[in-house]
Amino acid sequence: MSSWWLRGTSLLGIALLWALAAWIAASPVLPSPLAVLINAWQHALSGELPYHLSTTLGRVLVSFLLAMGIGTAIGILMGRYRKLDVALDGALVLGLNLPALVTVILCYIWFGLTDVAAVLAVALNKIPTVVVTVREGARAVNTELLDVARAYRLPALRTLCKVYLPQLYPYLMAAARNGLALIWKIVLVVELLGRSNGVGFQLYSYYQFFDITAILAYTLAFATVILLIEGLVMRPLDRHLTRWRG
Amino acid sequence: MRDLDIRIHAKRFASRLVLHELGFGADDGEFLALVGPSGTGKSTLLHLIGGLDDDFEGSIHWGGAPLHRPGEAPERLGMMFQEPRLMPWLNALDNVRLVQAGSTDGEGRAMALLHEVGLGDAIDAWPAQLSGGMLRRVALARAFVVAPRLLLMDEPFVSLDMPTGNRLRDLLLDLWQRDRPLVLFVTHDLREALTLADRVLFLSSPPARVVLDYHVPLPRPRRLEGSEIAALQERLFERHPDLLSGMLEVR
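Residues numbered from 1 in each chain as written. Chains lettered and ligands numbered in written order. Predicted model: local features only at pLDDT ≥ 70, side-chain atom pairs only at ≥ 80, totals over all residues.

Engineer: How should I be thinking about the UniProt feature "domain: ABC transmembrane type-1" (unreviewed entry) in chain A in this particular structure?
Structural biologist: As recorded in UniProt, the feature "domain: ABC transmembrane type-1" (unreviewed entry) lies at residues 53-233 of chain A. For residues 53-233 of chain A, the helix share is 90%, the strand share is 0%, and the end-to-end C-alpha distance is 18 Å. (UniProt positions renumbered as here; feature names shortened; annotations may be inferred. Helix = DSSP H or I, 4+ residues; strand = E, 2+ residues; numbered from the N terminus.)

Engineer: Sorry if this is basic, but what is going on with the UniProt feature "transmembrane region" (unreviewed entry) in chain A here?
Structural biologist: Summarizing the sequence annotation, UniProt attributes the feature "transmembrane region" (unreviewed entry) to residues 56-79, 91-111 and 207-229 of chain A in the numbering used throughout. Secondary structure over residues 56-79 of chain A splits into 100% helix and 0% strand, and the C-alpha atoms at its two ends are 33 Å apart.

Engineer: How do you make sense of the sheet that holds strand β10 (residues 210-215) of chain B when you look at a structure like this?
Structural biologist: In a beta sheet, neighbouring strands pair by backbone hydrogen bonds and run either parallel or antiparallel. Residues and elements named next belong to chain B. On the basis of which strands lie adjacent, the open sheet formed by six strands has the order β6-β7-β8-β3-β9-β10 and mixed pairing. Looking along the sheet, the strands with just one partner apiece sit at the ends: β6 (77-80) and β10. Taking each pair of neighbouring strands and ignoring which way they run, the sheet shows an average axis angle of 15 degrees. For β6 and strand β7 (residues 150-154), the ladder comprises four bridges, and the chain directions are parallel. Looking across to β7, one finds that glycine 78 is bridged to leucine 151. Each of β3 (31-35), β7, β8 (182-186) and β9 (199-203) touches helix α1 (residues 42-49); the most contacted strand, β8, lies at about 150 degrees to it. (Pairing = 2+ DSSP bridges. Axes fitted to C-alpha atoms, helices over the stretch in contact; angles between N-to-C directions. Contact = placed C-beta atoms within 7 Å.)

Engineer: I keep staring at the interface of chain A and chain B and nothing clicks. Help me out?
Structural biologist: Quoted interface sizes are often the accessible area lost when the parts come together. Tallying the contact residues gives 15 residues for chain A and 15 residues for chain B. Taken together, the elements giving at least two residues each to the side of chain A that touches chain B come down to α7 (143-151) and α8 (156-194) of chain A. Here the side of chain A that touches chain B takes six residues from α7 of chain A, the largest share from any one element. Tallied by class, residues from the side of chain A that touches chain B come to eight nonpolar, one polar and six charged. (Nonpolar A, V, L, I, M, F, W, Y, C, P; charged D, E, K, R; others polar.)

Engineer: Before we go on, may I ask you to explain the domain arrangement of chain B in this structure?
Structural biologist: Residue and element names in this part refer to chain B. Looking at the assigned domains, one finds that chain B contains domain 1 (4-76 + 149-245) and domain 2 (90-147). For domain 1 versus domain 2, the separation of C-alpha centres amounts to 25 Å. Of the residues lining the interface, 11 residues belong to domain 1; the matching set on domain 2 comes to 10 residues. Residue contributions to the side of domain 1 that touches domain 2 peak at six residues, all from helix α5 (residues 162-179). Considered class by class, the residues forming the side of domain 1 that touches domain 2 number eight nonpolar, one polar and two charged. (Domains from an automatic or database assignment.)

See below:
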């Protein structure tokens, strides 16, 4: 539990620094943490914050699953088959370096201002980084362990689940963690550019009103959710999958 | 017709000939040791028999039919490698159960085998928590859990200290005498071969072929450090000084 205590103290320290800065600045463009918290509470009570927050989380979840699924499949194939790796490498470098904004604009223009286009744009931004990470893992796969599976004629599904994928877990976890961080940032941009709900849309509205307190309230709410996902899902999952390291 | 009939005309890596006109037969229940200088393709031969490599000229028959047919699982086959090769993310029991076909009494059989190899207290231990000798015990239990008819062993007890190695060799002989699979045991240690096997096949330096098929004349049980084994080894070296030149380094 001491790690939780340490994490809590560190976050509290950041909040205190913020409060101090707000107190010194004494300006409406830097509200205090307390003011932001109260603002968030009011938005939560009105039902507005939960609505936009859940809409955004839905988009994050769908594009996350899409990017992880497709990226993992391509990454495994590219790590396994040298020719495919060479053939797709150019596209991969292009994908890695294509600005998120370009993908988003093109998706909206080609597929319309829809949720499908939004989710697709986010996934397309994330897939290349998943591919790079998973490909690294697929290249490092231990063929001696796969030989055990072949010698004992294990069924393909069992080989995949018990012999192959466990070797990729560290890489999949890394891709998932980076993925979550990258995806929620891009989802906000996508919402800002072409959706009429979600946290990104709300931030844009409050930006036009110059309502810094509300902007920070939304940011705080979203950051809290991400911290909870990391603490309650990602870290326990990681611990469970690597418990054998002893 | 022997139960196992092996005729390797040629096995090449790139253009290098590794095995050439290598052939032998063996009967069900026999314990064969394959010895030869290091780097002579003993592991390669086991890979061919185990179906891990099908790029060779020749045939491997079991009971009159090809051992490996496409899309068909061969007769129950167990394999033990130089390293234990356990899945680090599976505990001892799950490592043994990994290779079992989905039968209902599978867990009972796996547990019984782990008890038999002396790991009754370590059933849910991770491989990272086990010693080298214990890892080999799990690998041995894994090899026997499929009730193999053919058991391929590639220097499975190499780099263990003498008492640990001896306990594992005794364990192997106990399990072999009970289940009676045909064992092909690769080793570069002539004394180990003479201690364990009914027959010892001597391979030449590459390209490897069988240069001597030797029936071990000693009754069981035999002791690796015993004077009989030492004397037998001495006699072999005297009678076949040229054939065994590749083995001299391990005397």
